[in-house]
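Observations on chain architecture
So the chains spell out like this:
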Amino acid sequence: MHSTPFKYLKGVECTAPSSEQAFQISVNNRYVSGNRASSEGINSKARYVSEGGGIWADSRVTMINNTVYGNSTRVIYGTESRGGGIHGGKTIVNTIVRNNSARTAPEIHGNAGVSYCNVKGGFQGIGNIDRDPEFEDPGAEDFHLRYTSPCWNRGTLTVSGLPQTDFEGDPRITDGKPDIGADEFHIHVHVTGTLETPQGQADIKVIGVPGNPVLYALSLTPTVLHPPVSIPGVGLFYLEPPFFPFDLGTIPSSGVITLSIPLTTKLPHPIRVPMQAVVGTTLTTVYIADVK
Ligand SMILES: [Ca+2]
Ligand SMILES: [Ca+2]
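Residues numbered from 1 in each chain as written. Chains lettered and ligands numbered in written order. Predicted model: local features only at pLDDT ≥ 70, side-chain atom pairs only at ≥ 80, totals over all residues.

Right, let's talk about the overall build of the chain for a bit. Helix and strand counts for the chain stand at 0 helices and 30 strands. Within the span of the chain, comprising 292 residues, buried residues form 42% of the whole. Excluding contacts between residues fewer than 6 apart, the proportion of contacts in the chain whose partners are at least 24 apart in sequence is 59%. (Helix = DSSP H or I, 4+ residues; strand = E, 2+ residues; numbered from the N terminus. Buried ≥ 20, exposed ≤ 12 C-beta atoms within 10 Å, placed from the backbone. Contact = placed C-beta atoms within 7 Å.)

So, on to the environment of Gln201. Mapped onto the fold, Gln201 is located in strand 22 (residues 200–207). We classify Gln201 as partly exposed; it has 14 C-beta atoms within 10 Å. Separated by 63 residues in sequence, Gln201 and Thr264 place their C-alpha atoms 7.9 Å apart. If sequence neighbours within four positions are ignored, Gln201 has contacts with Gly193, Thr194, Ser260, Ile261, Pro262 and Leu263.

Okay, the sheet that holds strand 22 next. Read across the open sheet, the 3 strands follow the order 21-22-27; overall the sheet is antiparallel. The open sheet has two edge strands with one neighbour each: strand 21 (188–194) and strand 27 (256–263). Here the average twist between neighbouring strands, direction ignored, is 20°. Where strand 22 lies against strand 27, 8 bridges are found, and the strand directions are antiparallel. Pairing of Lys205 across the sheet is with Thr258, part of strand 27. (Pairing = 2+ DSSP bridges. Axes fitted to C-alpha atoms, helices over the stretch in contact; angles between N-to-C directions.)

Its location among the elements puts Asp166 in the loop between strand 18 (142–145) and strand 19 (173–174). Between the alpha carbons of Asp166 and Ala182 there is a distance of 6.0 Å; along the sequence they are 16 residues apart. Apart from the residues lying within four places of it in its own chain, the contact partners of Asp166 are Asn29, Arg172, Ala182, Asp183 and Glu184.

Next up, the structure:
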């Protein structure tokens, strides 16, 4: 299996030698975004039919809790393009497949059983929905779910091989049921933007339940406490001194607070900046931003 953003190759390709009949292949907890399969490509399978822009899978592949967004197939010399998001596979479960494009079957093409998925345009199968997943900021390739996302708790528990964690290591099951997609919602802090001095910008985001107050803190010590300090009823605190708290107010109805910091001054770099927040009465896990 490989993952590549290159124009002429598929995002993720999953096959196994035919002699390995018992070999079970899974694609779990993956973000597959922005890939393009093309019939002008070097893969013979794509010479005349372009398929599987995001994931091309053979008939033994099980796909659980993935987010497949914004991929495409296109035809230059051939006659057909299909499965802009996913082509093939055996089973697709708890997966978001949206905003992909192809001439035929833009999201999913093939004979896979599809259930508890969020597919643009809808798809036949138990538990499937067709709703805006309410990603935090897909334009910045931030596919975290917001608190208001319809993917919350809409996945199924009853799938063999359900991953124990999500793409970033959060426990997969919160509130009793898994979410749809690669992300399982947790309150958390993370950073997008261009983390480079002196011309970058750090967009520090705290995601949580609207109305909850946020106390955010960052540390200028690049390491974190081992073991962390346990604060009963609140969580584990990891920041080493000196750390600096900021009151960010309350989380708005969008479920996200963003604190944008221009990195215009010549900071020491590279530098690792651990950060955490108390959201409501709960500590997030620690997030470490790497500023280049
Ligand atoms: Ca959940
Ligand atoms: Ca998560």
